[in-house]
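Observations on the three-dimensional arrangement
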Amino acid sequence: MDGGRSGNYGRGGGRGYHRAQASGGRGPHNQPRPQQQWGERSEHPHQQGAGRGPHHHQPRPQQQWAEPAEHPHQQGWGRGPHHQPRPQQQWAERAENPPQQGVGRGAGGGRTGGGRPWGQPRTPSSFPVQSPAHPPTPRATSDELDTRSCTISPPQPLSPPSLLSKGDENGIQPIRRPDQGGRQSVRLIKLLVNHFPVKFGPRSTIFHYDVDVKPVTSNDNQSVKRTVRKSDFRLIRDKLCFDNPDTFPILKTAYDGEKNIFSAVSLPSGQYMVELSDGENTRGRSYLFTIKFVNELKLCKLSEYLRGELSYIPRDVLQGMDLVMKENPARQRNCVGGVYYSSDYRREDDLQNGVAAYRGFRQSLKPTAQGLSLCLDYSVLAFRKPMSVIDYLKENVPPIKSIEDIKRFRSVVIKALKGLKVRVTHRPCKQKYPIVGLAEKDTCNSWFDLVDREGNNPPRKTSLVTYFQEKWGRNIENPNIPCLQLGRSNKSPDEVPLEFCVLVEGQRYPKEHLDYDRAKYLKDLSVAKPGIRQRAINEMLQANDGPCGVLISNFGIQVDKNMTKVGGRVIGAPELRIGGSRSVKVDGEKCQWNLTGDRCLVDGKAVARWALIDFTDGERYNRLQKEMFIGNLKSRCGKLGIRMDDPLVCHLAPMRRFSSVEGLENLLKDVVDKARSKSKENLQIIVCVMANKDPGYKFLKWVSETKIGVLTQCCLSSQANKGQDQYLANLCLKINAKLGGSNFELMAKLPHFVVEDHVMFIGADVNHPAPNNESCPSIAAVVGTVNWPAANRYAARVSPQTHRAEKIANFGGMCLDLINTYTRLNGAKPNKIVIFRDGVSEGQFLMVLAEELRDIKNTIYEDHYRPTITLIVAQKRHQTRLFGEGRNDMGLTGNVPPGTVVDTVIVHPSYFDFYLCSHYGGLGTSKPTHYHVLYDENLFTSDQLQKLIYDMCFTFARCTKPVSLVPPVYYADLVAYRGRLFQEAAMESHSRFSPSSSHASSNAMSSTSSSTAWCDNGLYNLHPELENIMFFV
């Protein structure tokens, strides 16, 4: 139970609920501005070697960091086609390459006002306000280029740290691949990958335009202080194209729905008046649509980059093409979190109760060694069905059985509907209106002042029932229930009878609200087996509402609808050492091993001083069978080589103790004091048996690990009473790791290094708050190994930082602290350091290199201490999936075998990256981890680094199988999540609400709490007794 990852809203890197994401929402669409360039180097030429040479194991001299130039020579990248900043002023021109134009958002965008649900008449039209100015004539296109036939220049050996001088036009870049890829394997397999080659005309041009939309008054065409609803932006653009099909051909333009238009043909710049109307009896809404030419995107730049002739990626071109590829699904599907879901659901996917499972896909363009590729992956999500609000209440809200129940259960109805969006049916209408609440009076008792907008008659009092009869010819069939209040909470809302309101499509339904059977069905759909996922991907690619079609062909773009074929290599699994220096070989299919029989742990730490807190006091069904549990746990520990004595203290307590931080603190102190009275030494660990999962778990961890300084191991009584051997063995693994023991180690040394080295592995991650939180800090975590050569014990540091900041603010300081800990424990400083950074997208690589790496070097370097450093980014939030081409290329579940590596064809054209699937895929379709080597002074070859990471995946302390993510990153994720628990516990304990009720409204409290208040390091500092052990496993 300990160390869980459930509820982790942001595993760092903007993982959170990225608007991806991140990565969703990450990747090329959510890019920070490139950072300042690295400074001039030292004038000593030996700092940048041209090859490995005979001294490649020596620490490299420190780079001289210079202050950044006052005016950087890098163009802002923007935030991708969906959420773009306005294009900024041009940066200084470079000698050979022009600056890359950012894709901008501009000012004046925002959400929209739009008409009221009742509406008033107006004649729709759109017309130019001023004479447009035309951009330069587009360059003529030529034959399309099949990027698969591009010749990719072979990577040339570079000095490991690809740090470029201030005068270099490209600034710092990730290192190039040191070879042609790995060669070592125990088996070769044929794979299909969900990358679809993209062909485009290398001389084609895409025109980029900035868009600004403002509402105006109906009389003098003056703009008004009213924002535009986001749902109206596309309606306005579509109306403009409909009224001016020759000037604005809709099938030759792509729109991000807010600030950017990309066109295959030149469009006229200028201002245009656009008027929307929902019918002849409704009032129109007028908007001033301003379109301004920004830049010509030359696709030849992308061709040059793919051929290796251009060192920097033309991100503006890639973003423009990416938006073009998304335009067709954006028009026909519902986009939620960067995933395009179908507007219809299959009959078998109806989850009942007004909810259905909708299938969709996420896509992105990727520069690869075979050229440009479209990566598309399958996704499933539960949505509310578009249906009558009354029918939805009857199906989804248990107390509502009839119309009359709506008044009886008013608060329940408001809770179920508030925030949802509806369309009205009493008149033609495309607008979506948010539900604010229920009216105080019944519909039959609702009166208002009807104003003659022409000014011919004075206002008159009229009832809502009469108004709908006279104005719309509609009789209200349910006048004895309240109306829905539609609009904005900060304005006087409009009242519309429930029978005229229909839920709009694309409204997500929280999976936590599904019952067991429906949740299981949704999960089974989501974790589709490889064959099912592969067929779904191919179907969605070829669907009429998919990314292919007439629109992209108008831009000269074509997509090969066959998955990419690529060769995979399976790396051999390592042998493991267990107790008594015995070796154990892993299973050939799953690469797992067991600890049955006489197999024991490498270093089992005696548990001589421990306590048991039984939190099942007063429980009727989950009462702990204490004596049996203690006996079973001691017996299982003994078989694993862990001597475990009887507990010094056994304390019985009810689960309600978890509702109070103060109560838990007093309880733990009391147990610690009782144990100390029986033993002169400190208590080693407290085993806490809980009757059920409880939000107060975070209070227990925060108090024990920051205030009292005692380890805790939690488990559930239902599992403890069963006494299953595997469950007890997992408890023993966690307890031993927390106490500083070693569960299992590699028989052979780690690749590339020698025993005489002192090597430290560091992992780093950032945990972001929930998506609706606007103030709580992000939590940075850094872990590092403290033993060598086993490299399987870690110390951790956690630190709060600015809300949603991805850069680790105190990276250098935390690394230095961990290096000092390593030095104290080993008597020597690490001379080689390998850093694994989790959760950053390709657009943030420069930030990691230019800021985080520099911070680390500046902090840890001393006159006579300059360890060689390798920096690697590990990504799990991507869409790439690997499928075996034939039966012999996959395992029993249809997934690729553990140890599968791909480092050709689908990887970057020149940078050092590869995909590694290190785990066994027993459920769904395995997703490989994508590793990017940004910086390497240790001079790894592809084979050495791939084998190193794969072997390390067998050293994760909590299980007897290889994990999907290299352990330093996995542990950093656990520590960052633990820091989030600390923040939530501290916030709730200091709130004016009682903790027992505050956990249910933590999001609301988080959004109103000051970020600064929870950035106090004192709330997160570990107790000195725990700061150098693995408390987090």
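Residues numbered from 1 in each chain as written. Predicted model: local features only at pLDDT ≥ 70, side-chain atom pairs only at ≥ 80, totals over all residues. Heavy atoms only, no water.

1. Here's the deal with helix H16 (residues 811–826)
Taking 1.5 Å as the rise per residue, H16 with 16 residues should run 22 Å; its terminal C-alpha atoms sit 22 Å apart, in good agreement. Every buried residue of H16 is accounted for by Phe811, Gly812, Met814, Cys815, Leu818, Ile819, Thr821 and Tyr822. Those residues of H16 hidden inside the fold are in contact with strand S30 (759–767), strand S31 (778–785), strand S32 (794–801), strand S33 (832–838) and helix H17 (845–860). Positive backbone phi, at 75 degrees, marks glycine 827, one or two positions downstream of H16. (Helix = DSSP H or I, 4+ residues; strand = E, 2+ residues; numbered from the N terminus. Expected span 1.5 Å × (residues − 1). Buried < 20%, exposed > 50% of the residue type's maximum accessible area, 1.4 Å probe, protein only. Contact = heavy atoms within 4.5 Å.)

2. So, unusual backbone geometry
A negative phi holds for most residues other than glycine; trans holds for most peptide bonds. Geometrically, the link from tryptophan 788 to proline 789 is a cis peptide bond, its omega value of 10 degrees lying close to zero. Turning to its location among the elements, proline 789 is positioned in the loop between S31 and S32. Backbone geometry at histidine 752 places phi at a positive 85 degrees, although glycine is not the residue there. Checked against the element boundaries, histidine 752 lands in the loop between strand S29 (745–746) and S30. Take histidine 752: its relative accessible area is 13%, and that puts it in the buried class. Positive phi, normally seen in glycine, also occurs at valine 905, with a value near 65 degrees. Take valine 905: its relative accessible area is 26%, and that puts it in the partly exposed class.

3. With respect to the nonpolar core
Membership of the largest hydrophobic core comes to 160 residues, with the highest contact counts inside it found for Phe629, Ile686, Phe761 and Tyr971. If you tally residues by element for this core, the top one is helix H19 (residues 967–990), at 13 residues. In contact with phenylalanine 629, other than residues within four places in its own chain, are Leu612, Leu624, Val687, Val689, Cys715, Ala720, Leu728 and Leu731. Counting 89 residues, the second largest nonpolar core, distinct from the first, contains Met321, Val424, Leu438 and Tyr911. (Core = buried A, V, L, I, M, F, W, Y, C linked by side-chain atoms within 4.5 Å.)

4. Examining helix H9 (residues 530–542)
Taking 1.5 Å as the rise per residue, H9 with 13 residues should run 18 Å; its terminal C-alpha atoms sit 19 Å apart, in good agreement. Within the sequence span of H9, burial applies to Pro530, Arg533, Gln534, Ala536, Ile537, Met540 and Leu541. The arc enclosing the buried residues of H9, seen along the axis, measures out at 165 degrees, which places them on a common side. (Arc of directions from axis to C-beta.)

5. Quick look at the confidence of the model for the protein chain
It should be kept in mind that the predicted coordinates are not to be read in detail where pLDDT is low. Confidence along the protein chain averages 84 in pLDDT terms, with 80% of residues attaining 70 or more. Low pLDDT, under 50, characterises residues 130–170; the stretch is placed with 119 contacts to residues that sit more than four places away or in other chains. Long-range and interchain partners of residues 992–1009, a stretch whose pLDDT sits below 50, account for 33 contacts in this model, where long-range means more than four residues apart. (pLDDT = per-residue confidence, 0-100.)

6. As for the side chain of threonine 712
Of note, threonine 712 is situated in strand S28 (residues 711–716). Judged by relative accessible area, which is 1%, threonine 712 ranks as buried. Among the polar contacts made by the side chain of threonine 712, one reaches the side chain of lysine 701 at a distance of 2.8 Å. (Polar contact = N/O pair within 3.5 Å; in protein donor to acceptor, adjacent residues only side chain to side chain.)

7. What about the packing of aromatic side chains?
Taken as a whole, this structure holds 23 aromatic pairs when the rule is applied. On the basis of an interplanar angle of 65 degrees and a centroid distance of 5.7 Å, the ring pair of tyrosine 209 and phenylalanine 293 is categorised as edge-to-face. Placement of tyrosine 209 in strand S4 (residues 205–216) and of phenylalanine 293 in strand S8 (residues 285–298) is noted, with a sequence separation of 84 residues between them. Overall, tyrosine 209 belongs to the buried group, its relative accessible area being 0%. With centroids separated by 4.4 Å and ring planes inclined at 35 degrees, the aromatic side chains of phenylalanine 956 and tyrosine 970 adopt a geometry described as tilted. (Phe/Tyr/Trp six-rings, centres within 6.5 Å; stacked < 30°, edge-to-face > 60°.)

8. So, the sheet that holds strand S19 (residues 501–503)
The five strands are arranged S18-S17-S14-S13-S19 in an open sheet whose pairing can be described as antiparallel. Two strands close off the open sheet at either side, each with one partner strand: strand S18 (494–496) and S19. Averaged over all pairs of adjacent strands, the angle between their axes in this sheet comes to 50 degrees, without regard to strand direction. As defined by bridge partners, strand S14 (residues 433–442) adjoins strand S17 (residues 482–486) across four bridges and the pair is classed as antiparallel. By the bridge assignment, glycine 437 is partnered in S17 with glutamine 485. Sitting on the sheet, helix H4 (residues 389–396) touches strand S13 (421–424), S17 and S19, and the angle it makes with S19 is about 55 degrees. (Pairing = 2+ DSSP bridges. Axes fitted to C-alpha atoms, helices over the stretch in contact; angles between N-to-C directions.)

9. Focus: the packing of H16 against H17
Taken N-terminus to C-terminus, the directions of H16 and H17 make an angle of 45 degrees; their axes are 8 Å apart at the nearest point. As summarised for this structure, H16 and H17 are arranged oblique, according to the angle between their axes. The chirality of how H16 crosses H17 is right-handed. Residues Phe811, Gly812, Gly813, Cys815, Leu816 and Ile819 of H16 form the contact with H17, whose own contacting residues are Glu852, Asp855, Ile856, Thr859 and Ile860. (Parallel < 35°, antiparallel > 145°, perpendicular 65-115°, else oblique. Left-handed = near helix turned anticlockwise from the far one by under 90°.)

10. Topic: the sheet that holds strand S27 (residues 685–690)
The strand order across the open sheet formed by four strands is S26-S25-S27-S28, and the pairing between neighbours is parallel. On the outer flanks of this sheet lie strand S26 (649–652) and S28, each paired with one strand and no other. Within the sheet, the average angular offset between the axes of one strand and its neighbour, ignoring direction, is 15 degrees. Inspection of the sheet shows S27 paired to S28 by six bridges, in the parallel sense. By the bridge assignment for S28, valine 689 is matched with cysteine 715. The strands touched by helix H11 (residues 626–639) within the sheet are strand S25 (610–615), S26, S27 and S28, with S25 carrying the most contacts at an inclination of about 140 degrees. Packed onto the sheet, helix H13 (residues 697–708) meets S27 and S28 and runs at close to 160 degrees relative to S28.

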